[in-house]
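Understanding the architecture of this molecule
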Amino acid sequence: MKKVAIVGGGPSGILCAIIASKKYDVTIFCNQEKLGKKILVTGNGKCNLTNLYNFDKAYNRDISNYLKSFDNIKTIKFFEEIGLLTYADEDGRIYPISNTANSVLDVLINQVCKNNINVMTNQTVLNVLKKNDGFVIQTQLQEYNFDKVVIAVGSQDSLLKQMGISYNSFSPSLVALKTKEDTFSLSGMRLSNVKAILKGEANHEEYGEVLFKENGLSGICIFNLSAYLARQKNYNSIICLDLLPNLSNDKLKEIFIKRLNKNYTNSKEFMQGLFSEKINSYILKNCAIKNNEKITKKDIEKIINTIKNLTFNIVGHYQNNQVNSGGVDLNNLTNTLEYKYVKNLYFIGEVVDVDGICGGYNLQWSWTSAVIAGEALWLK
């Protein structure tokens, strides 16, 4: 029986090993003490497996042809067949019914055991060398011989460099962003139903929750905007927040004029009922209005503009990124994700230059690419 090496013990590597093991002797090389650690931190520990909607706009490039082979519906069916019960939330995100990523990893590891897949933990693959009709895998411990190799190392570019593989540089994506503005007073505050706009040649808009950090912005809609910055390899930008996107400027003006007419002229009292006290104070500070100062009709215009256009200069990112943008270009891979320049060498998952926004799309690419490559191995 031919031998296949899967380099990487993350979601794509594990699933590819399961698929390939139906016809081959498969070994997974994992540089950590256990398989699937990355699965445990996805979806805030709940593991957002995939999504029901919006695949046409989810990725940095069109992968519809790949999704035809293994899409979100097939993903849900596969996991249910190996024992995982799932549900969809109101936004179409698919989670295990247990609401814990451990359940996802448990059913996958069970399949690894049932299919007699060899697992080499705590072994870092330093290089993969082409030798005759096969490959030599070099780790920090020894060398191994295989007929076929699948690279699923995520954004670990050291192996790609050692192998001489051309790739697009990696940039942190789905990450909190640092601001030039001091937001210390708002640290830990959350606002829901916010419209966040990334200014640029083509304005990108996201709706959802914003979480304020000491000198930065976080939350799902900020993460999604960070994906665009990661793809252009430049985080210097401007993000504007519309804190009340469901209310027009005219409607807000009408509300505020009524407040003035009812003698709510003290600035602190004037802002009550809109947001939390900390956010109200931040808005007033941006308008150069002091707490307990008298509000005028001229002030109303400044307050409305700030609420509808709270502007932050982005100067960088934090280190808590969920994925990375970049990797081996799809143009250098066949439709089965085999490297065009080396026969029987495949690339899957995050190491390929395919990245998506929040919502289970990145894991879907992991599952899709794993199945495509795993099944392609059968044919040769």
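Residues numbered from 1 in each chain as written. Predicted model: local features only at pLDDT ≥ 70, side-chain atom pairs only at ≥ 80, totals over all residues. Heavy atoms only, no water.

1. Observations regarding the state of the cysteines
Under the counting rule described, the total for this entry stands at 0 disulfides. With no disulfide of its own, C30 lies closest to C113 among cysteine sulfurs, the gap being 14 Å. Free cysteine C240: the closest other cysteine sulfur is in C221, separated by 13 Å. With a relative accessible area of 5%, C240 lands in the buried category. (Disulfide = S-S within 2.5 Å. Buried < 20%, exposed > 50% of the residue type's maximum accessible area, 1.4 Å probe, protein only.)

2. Structural notes on the pattern of salt bridges
Enumeration according to the criterion identifies 14 salt bridges in this entry. Among the ionic pairs, D89 bridges to R93, the shortest N-O distance being 2.9 Å. Measuring nitrogen to oxygen at the nearest pair gives 3.5 Å for the salt bridge that ties K268 to E277. Residues joined in a network through salt bridges with shared partners are D89, D91 and R93. (Salt bridge = Lys/Arg side-chain N within 4 Å of Asp/Glu carboxyl O.)

3. Some points on the environment of Y228
Among the structural elements, Y228 can be located in helix 7 (residues 220–231). Ignoring any residue separated from it by four or fewer positions in sequence, one finds Y228 in contact with L198 and H204. (Helix = DSSP H or I, 4+ residues; strand = E, 2+ residues; numbered from the N terminus. Contact = heavy atoms within 4.5 Å.)

4. A short note on the sheet that holds strand 9 (residues 143–146)
Taken in spatial order, the 3 strands make up an open sheet running 7-8-9, and their pairing is antiparallel. Each edge of the sheet is formed by a strand with only one pairing partner; in this case those strands are strand 7 (125–131) and strand 9. Put simply, the sheet's adjacent strands are angled 20 degrees from each other on average, direction ignored. As defined by bridge partners, strand 7 adjoins strand 8 (residues 134–139) across 6 bridges and the pair is classed as antiparallel. When the bridges of strand 8 are listed, N127 appears paired with Q138. (Pairing = 2+ DSSP bridges. Axes fitted to C-alpha atoms, helices over the stretch in contact; angles between N-to-C directions.)

5. Points about unusual backbone geometry
For residues that are not glycine, phi is negative in most cases, and the peptide bond is trans in most cases. Phi angles above zero are rare outside glycine, and N99 is one such case at about 60 degrees. Residue position: N99 is located in the loop between strand 5 (93–96) and helix 5 (101–114). Residue N99 is classed as partly exposed on the basis of its relative accessible area of 36%. Backbone geometry places N344, a non-glycine residue, at a positive phi of 70 degrees.

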